[in-house]
Amino acid sequence: MGLVAIITYVISLFILYIVIETAVKNGINKSNVGRHFDMDRPEEPEDTKKSFFDTDLDKD
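Residues numbered from 1 in each chain as written. Predicted model: local features only at pLDDT ≥ 70, side-chain atom pairs only at ≥ 80, totals over all residues. Heavy atoms only, no water.

S.K.: Any chance you could explain the overall build of the protein chain here in plain terms?
M.R.: What the protein chain contains, in helices and strands, is two helices and zero strands. Approximately 6,100 Å² of the protein chain is accessible, and the part contributed by carbon and sulfur atoms is 66%. (Helix = DSSP H or I, 4+ residues; strand = E, 2+ residues; numbered from the N terminus. Areas by Shrake-Rupley, 256 points an atom, 1.4 Å probe, with all protein chains shown as cover.)

S.K.: Would you mind going over the UniProt feature "transmembrane region" (unreviewed entry) in the protein chain with me for this structure?
M.R.: As annotated by UniProt and renumbered to match this structure, "transmembrane region" (unreviewed entry) occupies residues 6-24. Spanning residues 6-24, this segment combines 100% helix with 0% strand, and its end C-alpha atoms are found 27 Å apart. (UniProt positions renumbered as here; feature names shortened; annotations may be inferred.)

S.K.: Explanation requested: the pattern of salt bridges in the structure shown.
M.R.: Any two side chains of opposite charge can pair, on the condition that their charged atoms come close. This model, assessed by the stated rule, comprises one salt bridge. With a shortest N-O distance of 3.6 Å, K25 and E21 are connected by a salt bridge. With K25 and E21 both in helix α1 (residues 2-30) and four residues apart, this pair spans about one turn of that helix. (Salt bridge = Lys/Arg side-chain N within 4 Å of Asp/Glu carboxyl O.)

S.K.: Before we go on, may I ask you to explain a nonpolar patch on the surface in this structure?
M.R.: Side chains of L3, I7, I11, F14, I15, Y17, I18 and V19 sit close together on the surface and give an oily, nonpolar patch of about 810 Å² of accessible area. Among the secondary structure elements, L3 is positioned in helix α1. By relative accessible area, L3 is classed as exposed at 61%. (Patch = residues over 30% accessible without salt bridge, like charges linked within 9 Å, V, L, I, M, F, W, Y side chains within 5 Å. Buried < 20%, exposed > 50% of the residue type's maximum accessible area, 1.4 Å probe, protein only.)

In structure tokens, the structure reads:
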């Protein structure tokens, strides 16, 4: 009986985490401040983003 309670508790915490994370992301993205930051910062294409390996000293 104790193992079932622990598993149920862990699953409920995981579901709660997903719900809170989604609510926070949606709240930030739909707020006026979130939209303001998105307009100021245009997305860069994925291939132009700098990587740690671009400045690697062992690069041939």
